[in-house]
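# Notes for the structure review
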Amino acid sequence: MEEGKMDENEWRYHGEGNKSLVVAHAQRCVVLRFLKFPPNRKKTSEEIFQHLQNIVDFGKNVMKEFFGENYVHCGEVVQLPLEFVKQLCLKIQSERPESRCDKDLDTLSGYAMCLPNLTRLQTYRFAEHRPILCVEIKPKCGFIPFSSYVTHEMKHKVCRYCMHQHLKVATGKWKQISKYCPLDLYSGNKQRMHFALKSLLQEAQNNLKIFKNGELIYGCGDARSPVADWRELAHHLKPFFFPSNGLASGPHCTRAVIRELVHVITRVLLSSSDKGRVGALRPGLRGRKNTPERSGLPKGCLLYKTLQVQMLDLLDIEGLYPLYNRIERYLEEFPEQRKMLQIDGPYDEAFYQKLLDLSTEDDGTVAFALTKVQQYRVAMTAKDCSIMIALSPSLQDTSSDQRPVIPSSRSRLAFSVSVLDLDLKPYESIPHQYKLDSKIVNYYSKTVHAKDDAVVPTRLKESEDCTLVLHKV
Ligand SMILES: O=P(O)(O)O[C@@H]1[C@@H](OP(=O)(O)O)[C@H](OP(=O)(O)O)[C@H](O)[C@H](OP(=O)(O)O)[C@H]1OP(=O)(O)O
Ligand SMILES: Nc1ncnc2c1ncn2[C@@H]1O[C@H](COP(=O)(O)OP(=O)(O)OP(=O)(O)O)[C@@H](O)[C@H]1O
């Protein structure tokens, strides 16, 4: 970023999650991603720089290897004038959702990440005049744990997302249970994927956002009050899917447009635009029933790769937690070894290579525990990342357009797919994960399943299971 040329009026609030806040440039296709912290959490500028540099290195050396070059955008760390950051922070404050204001933007270090704006086609540095639609999906964990360390029988039947829904509604995070199940989205079965996407459109929560020309038009502006107005959404989408405008208006039109969106997104999700290294993770565990190869997804598509990385969680948190404790005991005795174990980086080629060892035979060593803990952290990262699908009308003359075009769609749409929020989950969050897992399952078993036992005849009870392929219509 060129010092002196930074003007806060050229940037606007774009969005935020739990740990970072993003602003987008009004003309150029770039965003700045700032870290957020709870008030009073003082970090030095050097610590913040190192944290951001670790994110970039982890993207370059690990996630690009797993996902392939095309899908991952690592960006770079930039240093910004402090006055610019201060003014920007004041300017955007009123646009931030209240539910996210428990953390403050870091305005003291002057460091941020500069990334391509993925809500506009990232292949172009400058905004094009063609309209751009972008669908962001946070798909969450797409498999039922296969580890023999799992003690809660329920975890073999109902997926984590579906169980967690009940706890989230009970604690007031969301108003109603979503019908979305990640297992549908990752099934590779078109009908189930359509059902998953429709469910996301009905109850977006923080799992779906839609942007048009870089502006959020659907999904969670404020995490607690999503709007689900399909008519308005269809109005925005119509020019993309029915360019000749051959449809009448009304509910029939709304349904047709939404159906077309769901079909197009499914096709894009099943496409493989990967030119990166394939097969970094070979099927390690012979005889395992639950593998990406058996998911029904085409190899090379982004969902397949995401699932592959998620499945680095070989032991489940129940099998992993004792290994975390082994490392903790070791570090209590030899605190100076923390650096050598690469717990806080550097996330380099050597770190990546160690992740490829998929053995689950515990030889009692710290080295074994460390490999499984690092794999778990990477898997958790893939369970919380988002997929961005950008679509824009393609010119009839494709010679100038290098991007893939959706096959057999009503309209010619060029598309690109990317993955974002690939920050490695912290080592320190493992005890929290262990407690949360137990809380989710206990709440589900005690409240939901116990209630079902009382009112639902046994022959119908299994309909709650995520492993069932069919959905009630
Ligand atoms: O634990 P989960 O599954 O609820 O995931 C958390 C997310 O909640 P979700 O269930 O997707 O609404 C949560 O998202 P929200 O803040 O709820 O939008 C974060 O992504 C959190 O990650 P981090 O701690 O900020 O690195 C996520 O925590 P991690 O478990 O990925 O660390
Ligand atoms: N490169 C990008 N281009 C366009 N939009 C982006 C980009 N990076 C992030 N965003 C937007 O900003 C939002 C917040 O970013 P991100 O998911 O990285 O935040 P986070 O705080 O790390 O998330 P989490 O809550 O999962 O920890 C995203 O949901 C997305 O809408």
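Going by what an unreviewed UniProt entry lists, the chain is known as Inositol-pentakisphosphate 2-kinase and is assigned to Spermophilus dauricus. A UniProt comment under Sequence similarities (unreviewed entry) is attached to the chain, and it reads "Belongs to the IPK1 type 2 family." UniProt, in the comment section headed Catalytic activity (unreviewed entry), describes the chain in these words: "1D-myo-inositol 1,3,4,5,6-pentakisphosphate + ATP = 1D-myo-inositol hexakisphosphate + ADP + H(+)".

Moving on to the sheet that holds strand β10 (residues 386–393). As summarised here, the arrangement of the five strands in space is β9-β8-β7-β10-β11, forming an open sheet in which the pairing is antiparallel. What marks the edges here is a single partner per strand, and that holds for β9 (215–219) and β11 (413–420). Neighbouring strand axes in the sheet, compared pairwise and without regard to direction, differ in orientation by 20° on average. Two elements, β10 and β11, share eight bridges in a ladder whose sense is antiparallel. In the sheet register, M388 faces β11, and the bridge partner there is S418. Packed on one face of the sheet, helix α5 (residues 190–202) meets β7 (133–137), β8 (208–212) and β9 and runs near 80° to β8. The strands touched by helix α7 (residues 251–270) are β7, β8, β10 and β11; relative to β10, the strand with the most contacts, the crossing angle is about 115°.

Take helix α2 (residues 82–92) next. Burial in α2 covers these residues: F84, V85, L88, C89 and I92. Taken down its axis, α2 places every buried residue within 130° of arc, on the same side. Residues of α2 that are buried in the fold lie against β1 (11–16), β2 (20–25), β3 (30–37) and β5 (104–105).

Close to ligand 2 lie 22 residues, the nearest being N18, K19, S20, E136 and D421. Take P116: an N or O atom from its main chain is 3.0 Å from a nitrogen atom of ligand 2. At 3.4 Å from an oxygen atom of ligand 2 is found a side-chain nitrogen or oxygen belonging to D384. Protein contact buries 93% of the 630 Å² of open area that ligand 2 shows by itself. Classifying every residue of the shell around ligand 2 by side-chain character gives eight nonpolar, six polar and eight charged.

Aromatic rings in a pair are described by how distant their centres are and how their planes are angled relative to each other. Enumeration according to the criterion identifies 11 aromatic pairs in this entry. Summarising the aromatic geometry, the rings of F49 and Y111 are spaced 5.1 Å apart at their centres and angled 55° between planes, so their arrangement reads as tilted. Taken as a pair, F49 in helix α1 (residues 45–67) and Y111 in strand β6 (residues 111–116) lie far apart in primary sequence, 62 residues in all. Taking the relative accessible area as the measure of exposure, Y111 reaches 17% and is therefore buried. When the centroid spacing of 4.9 Å and the interplanar angle of 45° are considered together, the rings of Y324 and Y427 count as tilted. Taken together, the positions of Y324 in helix α9 (residues 316–333) and Y427 in the loop between β11 and α12 (430–455) put the pair 103 residues apart, joining distant regions of the chain. Judged by relative accessible area, which is 8%, Y324 ranks as buried. These aromatic residues form a ring-pair network of at least three members: Y321, Y324, Y427 and Y434.

Here is what the cut-offs are and how they apply
Residues numbered from 1 in each chain as written. Chains lettered and ligands numbered in written order. Predicted model: local features only at pLDDT ≥ 70, side-chain atom pairs only at ≥ 80, totals over all residues. Heavy atoms only, no water. UniProt positions renumbered as here; feature names shortened; annotations may be inferred. Pairing = 2+ DSSP bridges. Helix = DSSP H or I, 4+ residues; strand = E, 2+ residues; numbered from the N terminus. Axes fitted to C-alpha atoms, helices over the stretch in contact; angles between N-to-C directions. Contact = heavy atoms within 4.5 Å. Buried < 20%, exposed > 50% of the residue type's maximum accessible area, 1.4 Å probe, protein only. Arc of directions from axis to C-beta. Near = heavy atom within 4 Å. Polar contact = N/O pair within 3.5 Å; in protein donor to acceptor, adjacent residues only side chain to side chain. Areas by Shrake-Rupley, 256 points an atom, 1.4 Å probe, with all protein chains shown as cover. Nonpolar A, V, L, I, M, F, W, Y, C, P; charged D, E, K, R; others polar. Phe/Tyr/Trp six-rings, centres within 6.5 Å; stacked < 30°, edge-to-face > 60°.

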